[in-house]
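Summary of the model geometry
What follows is the residue order along each chain.
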Amino acid sequence: MPLLRIRIIGNADDTLAVTALLQGLEGIEHVEETDDLMTHMDDEDSSSAGLSDDIGPGIHELEVHVGNDTTTQRVRDAVELLARERGVVIEYEHDEG
């Protein structure tokens, strides 16, 4: 089953909107948010140590299990349209899994 990884550069509401869109599409097997699965490895000696990282949009990652390549293209088309409407940046990484 193909696996499509989507990186969303936007806020949590944008990610929820993309997730809801994906869950409503036929042929989607599974959608899971995968960012923040590992703890952040901040360097204590860094000049940015201890600073807030909530200035500006966040980065969220989704893994989407799709049934076939046709569904993959439908997902890309739908997500890109939503991203344009919301002013969100989307990046894709596609694995044949």
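Going by the structure above, here's the rest.
Quantities reported herein were computed from a predicted structural model and do not represent experimental measurements.

The next point concerns the packing of helix H1 (residues 12–23) against helix H2 (residues 69–86). Contact geometry of H1 with H2 gives a least axis separation of 10 Å together with a crossing angle of 150°. With respect to their mutual orientation, H1 and H2 come out roughly antiparallel. In terms of crossing hand, the pair formed by H1 and H2 is right-handed. Each of Asp13, Asp14, Ala17, Val18, Leu21 and Leu22 in H1 lies in contact with H2, whose residues at this interface are Val75, Ala78, Val79, Leu82 and Arg86. Among the residues forming the contact of H1 with H2, the class breakdown is eight nonpolar, no polar and three charged.

Let's shift gears to H1. Compared with the 16 Å implied by 1.5 Å per residue over 12 residues, the 16 Å span of H1 between its first and last C-alpha is a close match. Looking only at H1, the buried set comprises Asp14, Thr15, Ala17, Val18, Thr19 and Leu22. Lining the buried residues of H1 we find strand E1 (3–10), strand E2 (28–33), strand E3 (58–66) and H2.

With that out of the way, let us pick up the pairing of E3. Where E1 meets E3, eight bridges bridge the pair, whose relative direction is antiparallel. Looking at the pairing, Arg5 lines up with Glu63 of E3. Note: E2 against E3, five bridges, orientation antiparallel. For Val31, the partnering residue across the bridge sits in E3 and is Val64.

Buried together is how nonpolar side chains tend to be arranged in soluble globular proteins. Ranked by internal contacts, the top residues of the largest apolar core, which has 17 residues, are Ile6, Leu22, Val64 and Val75. For this core, the elements supplying multiple residues, two or more each, are E1, H1, E2, E3 and H2. If we skip the residues at most four places from it in the chain, Leu22 touches Ile6, Ile28, Val31, Leu62, Val64, Val75 and Val79.

Assignment of secondary structure puts His60 in strand E3. In this structure the side chain of His60 is engaged in a polar contact, spanning 3.3 Å, whose partner is the backbone oxygen of Gly10. There is a polar contact of 3.2 Å between the side chain of His60 and the side chain of Glu33.

Topologically, Asp14 is positioned in helix H1. Other than its neighbours up to four places away in sequence, Asp14 contacts Arg86 and Val88.

Conventions adopted
- Residues numbered from 1 in each chain as written.
- Predicted model: local features only at pLDDT ≥ 70, side-chain atom pairs only at ≥ 80, totals over all residues.
- Heavy atoms only, no water.
- Axes fitted to C-alpha atoms, helices over the stretch in contact; angles between N-to-C directions.
- Helix = DSSP H or I, 4+ residues; strand = E, 2+ residues; numbered from the N terminus.
- Parallel < 35°, antiparallel > 145°, perpendicular 65-115°, else oblique.
- Left-handed = near helix turned anticlockwise from the far one by under 90°.
- Contact = heavy atoms within 4.5 Å.
- Nonpolar A, V, L, I, M, F, W, Y, C, P; charged D, E, K, R; others polar.
- Expected span 1.5 Å × (residues − 1).
- Buried < 20%, exposed > 50% of the residue type's maximum accessible area, 1.4 Å probe, protein only.
- Pairing = 2+ DSSP bridges.
- Core = buried A, V, L, I, M, F, W, Y, C linked by side-chain atoms within 4.5 Å.
- Polar contact = N/O pair within 3.5 Å; in protein donor to acceptor, adjacent residues only side chain to side chain.

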